[in-house]
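Given next are the chains, with one letter for each unit.
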Amino acid sequence: MGHLDAVRRAGLDAWGVVLPTECSGCGAPDRSLCEECRMALRPAVHPCSRDDVPVWSGLDYSGVARRVLGAFKDGGRTDAAATLAVPLRLAVAAALAASAAGGRVPDDRGVHLVTIPASRKAWRARGFHPVELLLARAGLAGTPVLRQVGGTTDQVGLGREARARNRHGSLLARRPLGGFRCVVVDDILTTGATILEARRAVLEAGGEVLGLATLAETRRLFPAAGHSPGTGR
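Residues numbered from 1 in each chain as written. Predicted model: local features only at pLDDT ≥ 70, side-chain atom pairs only at ≥ 80, totals over all residues. Heavy atoms only, no water.

It is not clear to me how unusual backbone geometry should be interpreted in this structure. Could you clarify?
If a residue is not glycine, its phi is most likely negative; likewise, a peptide bond is most likely trans. Here Asp-51, not a glycine, exhibits a phi torsion of approximately 50°, which is positive. Following the sequence through the fold, Asp-51 ends up in the loop between strand S1 (46-50) and strand S2 (53-60). The backbone of Asp-52 sits at a positive phi, close to 65°, despite the residue not being glycine. Mapped onto the elements of the fold, Asp-52 is located in the loop between S1 and S2. Its relative accessible area of 56% is what places Asp-52 among the exposed residues. (Helix = DSSP H or I, 4+ residues; strand = E, 2+ residues; numbered from the N terminus. Buried < 20%, exposed > 50% of the residue type's maximum accessible area, 1.4 Å probe, protein only.)

Structure, rendered in structure tokens:
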């Protein structure tokens, strides 16, 4: 162990005496995120797709990543933000690289990062926007061009088609988006309903979507045999 590592560990031990905590990935005492769990959160950027639309994700949503993300989003454990920001930033970079390889090279107008607006209920419960916080920790910034319209039910427990119906038409652009180029960014990709709804809203307003990026993907055990006309989280 190097001198700096020893100093860092000693500092964590001292902090644990003042304000005891536990690793949000494994529950190890006196650590906000232990070294083993940090290693488990190393970026594993990979392409996937929903309804034949390519998406780039930075992690698999399982094991340590699932536990840490759950604690980050719904348990107020923002101490993991710096670690989680790295795979998200690399997923955004991969989406842009894929776009450039396909001939859609961003011009001098730049590229915006579009995030999904939080519901009032989620904002009241958390007090922060998870994806926007991660982008900020990655040295990036989201562009708030979408707004929620109508009502949606909680996605938990809904199947693929039900999630698509639930989300369809739930987002609108705040203004016309002619000449607007972006990557749509979200945290967890499940069916794809949420991120595809955001993509639809941007395209409908005249914007161009260069790619989609998420922090983590829930792997599908049985890929859909057919294609849905709806949108797919």
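Explanation requested: the pattern of salt bridges in the structure shown.
Pairing is possible between side chains of opposite charge, provided their charged atoms come close. Counted according to the given criterion, the structure contains nine salt bridges. Arg-219 is the salt-bridge partner of Asp-60, the closest N and O atoms lying 2.7 Å from each other. Remark: Arg-219 occurs in the segment after strand S7 (208-217) and Asp-60 occurs in strand S2; sequence separation between them is 159 residues. Note on Arg-219: relative accessible area 47%, which makes it partly exposed. Asp-74 is the partner of Arg-126 in a salt bridge, and the nearest nitrogen-oxygen pair spans 3.1 Å. Linking Arg-126 in helix H5 (residues 120-126) with Asp-74 in helix H3 (residues 63-74), this pair joins segments that are 52 residues apart in sequence. Taking the relative accessible area as the measure of exposure, Asp-74 reaches 61% and is therefore exposed. (Salt bridge = Lys/Arg side-chain N within 4 Å of Asp/Glu carboxyl O.)

Looking at this structure, how should I read the pairing of strand S6 (residues 181-189)?
Across a regular strand the side chains alternate sides, sitting on one face of the sheet and then on the other. In terms of burial, S6 is a largely internal element, nine of the nine residues being buried. Pairing analysis gives four bridges linking strand S3 (residues 112-115) to S6, with the strands arranged parallel. Among the inter-strand pairings, His-112 is bridged to a residue of S6, identified as Cys-182. Both S6 and S7 contribute to a ladder of eight bridges, which runs parallel. (Pairing = 2+ DSSP bridges.)

It is not clear to me how helix H8 (residues 193-204) should be interpreted in this structure. Could you clarify?
For an α-helix, the turn length of 3.6 residues means that residues three or four places apart are oriented alike. Given a rise of 1.5 Å per residue, 12 residues ought to cover 16 Å, and the 16 Å separating the end C-alpha atoms of H8 matches this to within 8%. Buried residues of H8: Ala-193, Thr-194, Ile-195, Leu-196, Glu-197, Ala-198, Arg-200, Ala-201 and Val-202, and no others. Gly-206, located one to two residues past H8, shows a positive phi value of around 95°. (Expected span 1.5 Å × (residues − 1).)

Explanation requested: the nonpolar core in the structure shown.
Nonpolar side chains tend to gather and get buried jointly when the protein is soluble and globular. In terms of nonpolar packing, the biggest core is built from 32 residues, with Leu-41, Leu-69, Phe-72, Leu-84 and Leu-215 touching the most fellow members. When contributions to this core are tallied by element, the ones reaching two or more residues are H3, helix H4 (81-101), helix H6 (130-137), S6 and S7. Top element by residues in this core is H4. It accounts for six residues. Excluding residues within four positions of it along the chain, Leu-69 makes contact with Tyr-61, Leu-84, Ile-188, Leu-215 and Ala-216. Val-114, Leu-171, Val-184 and Ala-201 belong to the second-largest nonpolar core, a separate cluster that totals 21 residues. (Core = buried A, V, L, I, M, F, W, Y, C linked by side-chain atoms within 4.5 Å. Contact = heavy atoms within 4.5 Å.)

Explanation requested: the side chain of Glu-217 in the structure shown.
On the secondary structure map, Glu-217 appears in strand S7. Beyond its immediate stretch of four places on either side in the chain, Glu-217 contacts His-46, Cys-48, Arg-50, Ser-57, Leu-59, Asp-60, Tyr-61 and Leu-189.

I tried to follow the sheet that holds S6 on my own but got confused; where do I start?
Within a sheet, each strand pairs with its neighbour through backbone hydrogen bonds, oriented either parallel or antiparallel. The five strands are arranged S1-S2-S7-S6-S3 in an open sheet whose pairing can be described as mixed. Looking at which strands have only one partner, the edges of the open sheet turn out to be S1 and S3. For this sheet, the mean angle separating the axes of adjacent strands, direction not counted, is 35°. Strand contacts of H3: S2, S6 and S7, with the helix running at about 105° to S6, the strand carrying the most contacts. (Axes fitted to C-alpha atoms, helices over the stretch in contact; angles between N-to-C directions.)

Explain the confidence of the model for the protein chain here, please?
Residue-level pLDDT values for the protein chain average 83, and 74% of them are 70 or greater. When pLDDT is averaged over each helix and strand of the protein chain, the minimum, 52, is found for helix H1 (residues 3-18) and the maximum, 98, for S2. Confidence over residues 14-18 falls short of pLDDT 50; this stretch has two contacts with residues more than four positions distant or in other chains. (pLDDT = per-residue confidence, 0-100.)

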